[in-house]
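Overview (structure and organization)
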Amino acid sequence: MIPKSHPRYLSLMTRELIVEGVRNGITSTQGLIAQGRGEAFDYLIGEKSTDSALAAEKIAAAQLLLAKRPVISVNGNVAALVPAEIIKLGEIVNAPLEVNLFHRTEDRVDKIIKHLHSLGARNLCVKSDALIPGIDHERAKVDSDGILRADVVLVPLEDGDRCKALVDMGKTVIAIDLNPLSRTAQCATVTIVDNIIRAVPNISKFAGELKGLRKEELRKTVRGYDNKETLCNAIYEIKMNFESFSCQSLYIPPII
Ligand code: PTJ
């Protein structure tokens, strides 16, 4: 049991959710490695939503509200870390959830769907009757009424191949990835360099605020958005955070 007073309480509890996800057959064992990689980048970012992340989260909210057929892709890590939050976001922007796995097994797909249902998800795309062109792995399998037809897709913790394939299909792809150097981050239309545990509630908050706007005003919000600039800012924020840890500020206990 991790005491609430532990200085790394939130990070350790997040890790526990992933471990529990693996135990429950929802998250892949590879998901543990992905989480570790994410933690390392989150450390460098300062474990907070940076200005560039918040700006991208607002654009993401506007894009999801503008979409005719938005879909939110859910994998094993998302289902373990933010199941209730992703359901809430889907409801706010009126987007169905579609389970889509890289390390796909039908058992894990079923378990994630049941998990989401048990938490109140009503709007799910559950078929896997179509393939994304140009993808050789299991992530190609999609619902013909879901991701295949979507105009805007939110893909938290995606792999680069599918991100590129979705962009090549003409879709607006919103990625959430703590690594601004990943192929996914580099090829998405909108990249949110933030932890999903902060990013998903932030997008919901912005969507709630923007929901009352007319389409033209929403279009004005997204007009001129430059994802390259977002990535440059994210890398700059990491650099500045890193530099703030000067050698003088490090505590090294004296050798007695
Ligand atoms: O459930 P499946 O089978 O679909 O598999 C999901 C994982 C995540 C295991 C699979 O997509 C995978 O192997 O992903 P990668 O290639 O390891 O990429 C994961 C990316 O997400 C890395 O760039 C990590 O830095 C980033 N990441 C990890 N945890 C988080 C994160 N980004 C945001 N929030 C996190 N909590």
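Preceding this paragraph is the structure being described.
Small disclaimer: the values here were computed from a predicted structure and weren't measured.

A word on the environment of isoleucine 252
Tracing the chain through its elements places isoleucine 252 in the segment after helix H11 (227-244). What makes isoleucine 252 exposed here is its relative accessible area of 64%. In this structure, the C-alpha to C-alpha distance between isoleucine 252 and isoleucine 238, residues 14 residues apart in sequence, is 23 Å.

Focus: the site of the ligand
Close to the ligand lie 23 residues; Gly76, Phe102, His103, Arg108 and Asp177 are nearest. Glycine 76 is positioned such that a nitrogen or oxygen atom in its backbone is 2.8 Å from an oxygen atom of the ligand. The fraction of the free accessible surface of the ligand (740 Å²) that becomes covered by protein chains is 93%. With 6 residues, the top contributor of residues to the shell around the ligand is helix H2 (residues 30-45). Here the shell around the ligand is composed, by residue class, of 7 nonpolar, 11 polar and 5 charged.

A short note on the environment of isoleucine 2
Mapped onto the fold, isoleucine 2 is located in the segment before helix H1 (9-23). Isoleucine 2 sits 227 residues away from glutamate 229 along the chain, and the two C-alpha atoms are 39 Å apart. What isoleucine 2 contacts, discounting residues up to four positions off in sequence, is Tyr9, Leu12, Met13 and Glu16.

Quick look at unusual backbone geometry
The backbone phi angle of glutamate 47 is positive, close to 50°, even though this residue is not glycine. Inspection of the secondary structure puts glutamate 47 in the loop between H2 and helix H3 (51-66). Residue class for glutamate 47 comes out partly exposed when judged on its relative accessible area of 31%. One non-glycine residue with positive phi stands out, namely leucine 157, at about 50°. Topologically, leucine 157 is positioned in the loop between strand S6 (152-156) and helix H7 (160-168). Looking at leucine 157, the relative accessible area reads 26%, which means it is partly exposed.

Rules of the game
One numbering rule holds for all chains: residues counted from 1, following each sequence as written. Two thresholds apply to this predicted model, a pLDDT of at least 70 for residue-level local features and 80 or more for giving and counting side-chain atom pairs, whereas whole-chain, interface and lining totals are computed over all residues. The side-chain figures draw on all heavy atoms in the structure; neither hydrogens nor water molecules are used. A run of H or I in DSSP becomes a helix once it reaches four residues, and a run of E becomes a strand once it reaches two; helices and strands are each numbered from the N terminus. Burial classes: relative accessible area under 20% of the type maximum marks a residue as buried, over 50% as exposed, and values in between as partly exposed (1.4 Å probe, protein chains only). For each residue, the test is whether any non-hydrogen atom lies within 4 Å of the molecule or strand; if one does, the residue is near. Here a polar contact means two N or O atoms within 3.5 Å. Within protein one must be a hydrogen donor candidate and the other an acceptor candidate, and residues neighboring in sequence count only if both atoms are side-chain atoms. What sets the accessible areas is the Shrake-Rupley method with a 1.4 Å probe; for residues, cover comes only from the shown protein chains. Note on residue categories: nonpolar means Ala, Val, Leu, Ile, Met, Phe, Trp, Tyr, Cys or Pro, charged means Asp, Glu, Lys or Arg, and polar means any other residue, Gly included. We call two residues in contact whenever any of their non-hydrogen atoms come within 4.5 Å of each other.

Note that all results are geometric; they support no functional claim without further evidence.
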